[in-house]
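What the coordinates show
Each chain is listed here by its residues.
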Amino acid sequence: FKQLIEVGYYKDCPFFRILPGYIAQFGISADPEMNKQWMYCDTTAGEEAVKLCKQPLPDEPRRQPNAKGTLSFASSGKNSRRTQIFINSGNNNAGPPNFLDAQKFVPFARIVRGMDDDNNNNDNVVKKLNGEYGGNVNQGKAAYYGGEYFEKVFPRLSIIKDIKILL
């Protein structure tokens with residue numbers, strides 16, 4: 001995650017899948033060249049491009065539940081985590097339909113401010129994201145075309161303008 005932030009992978013990155021009370025997902029770069037390197041390996045681009053491809057992250061043991069406000073890498077199976085991350089906008093550690101713990105999704109960070117629902121001053125950042133498109137984004141096209149696809153087909157997605165690690 002730190003390396004992705006340092007190379008600017010998440011700059012202008014949209015929240016492309018928002019399912020209220022469940023998750024808000026991001027992690028497809030607006031830059032299609034970054035997606036080729038980090039999300040999938042473009043073997044048609046030659047041997048040098050293949051060498052630049054990043055390998056998936058190995059799975060880690062879960063140390064905390066997929067509780068509201070935690071961030072987890074999305075995955076498609078064992079040792080397949082790459083760039084896509086979701087924010088748990090609800091407690092997704094119990095039974096169906098929110099059973100992310102049983103599916104072995106591992107939280108790695110937590111939002112420390114901005115997930116409150118218990119006051120009326122709109123402090124819940126996930127609820128402020130534009131969820132009008134739900135989960136309708138074609139992730140393959142989004143990865144291939146990047147920001148151009150998002151802007152033309154889903155122009156009102158909420159965007160991460162920039163992201164930094166503060167120490």
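Everything quoted here is computed from the prediction, not taken from an experiment.

Rules of the game
Residues numbered from 1 in each chain as written. Predicted model: local features only at pLDDT ≥ 70, side-chain atom pairs only at ≥ 80, totals over all residues. Heavy atoms only, no water. Pairing = 2+ DSSP bridges. Helix = DSSP H or I, 4+ residues; strand = E, 2+ residues; numbered from the N terminus. Phe/Tyr/Trp six-rings, centres within 6.5 Å; stacked < 30°, edge-to-face > 60°. Buried < 20%, exposed > 50% of the residue type's maximum accessible area, 1.4 Å probe, protein only. Lys NZ or Arg CZ within 6 Å of the ring centre and 35° of its normal. Contact = heavy atoms within 4.5 Å. Core = buried A, V, L, I, M, F, W, Y, C linked by side-chain atoms within 4.5 Å.

Let's shift gears to the sheet that holds strand β5 (residues 107-110). Pairing is antiparallel in the open sheet, where 6 strands are placed in the order β5-β3-β4-β2-β1-β6. Where the open sheet ends on each side, the last strands, each with one partner, are β5 and β6 (159-160). In the sheet, strand β3 (residues 70-73) pairs with β5 via 3 bridges, with the strands oriented antiparallel. In the strand pairing of β5, Thr-70 is matched with Arg-110.

What follows concerns the packing of aromatic side chains. The full count for this structure, using the stated rule, is 11 aromatic pairs. The interplanar angle of 80 degrees and the centroid separation of 4.8 Å between the aromatic rings of Tyr-144 and Tyr-145 together place this pair among those described as edge-to-face. Pairing Tyr-149 with Phe-154 gives two aromatic rings, centres 5.7 Å apart and planes at 65 degrees, and the pair type is edge-to-face. With relative accessibility at 10%, the residue Tyr-149 sits in the buried group. In this structure Phe-154 comes out as buried when scored by relative accessible area, which is 9%. Clustering of aromatic rings is evident, with ring pairs tying together Phe-1, Tyr-9, Tyr-10, Phe-15, Phe-26, Phe-73 and Phe-108. Here Lys-54 stacks its cationic end above the ring of Trp-38, 5.3 Å away from the centre of that ring.

This part takes up the side chain of Asp-101. Looking at where Asp-101 falls in the secondary structure, it is placed in the loop between β4 (85-88) and β5. The residues touching Asp-101, leaving out its near neighbours within four places in the chain, are Arg-62, Pro-65, Asn-66, Asn-92 and Asn-93.

Once that is clear, we can look at the nonpolar core. Among the nonpolar cores identified, the biggest contains 30 residues, and Tyr-9, Tyr-10, Phe-15, Phe-26, Ile-28, Val-137 and Phe-150 are the most heavily contacted of them. Where this core is concerned, the elements lending two or more residues are α1 (2-6), β1 (13-19), β2 (23-26), α2 (32-38), β3, β4, α4 (139-145) and α5 (147-153). Looking at this core element by element, the count peaks at 4 residues for β1. Leaving out residues up to four positions away in the same chain, Phe-150 has contacts with Pro-14, Phe-16, Ile-28, Ser-29, Val-137, Ala-142, Pro-155 and Leu-157. One finds Tyr-22, Ile-23, Phe-86 and Leu-100 within the second-largest nonpolar core, a separate group that totals 6 residues.

For the rest of this paragraph, the subject is the environment of Glu-151. Inspection of the secondary structure assignment puts Glu-151 in helix α5. In this structure Glu-151 comes out as exposed when scored by relative accessible area, which is 61%. Along the chain, Glu-151 and Pro-14 lie 137 residues apart, while their C-alpha atoms are 9.8 Å from each other.

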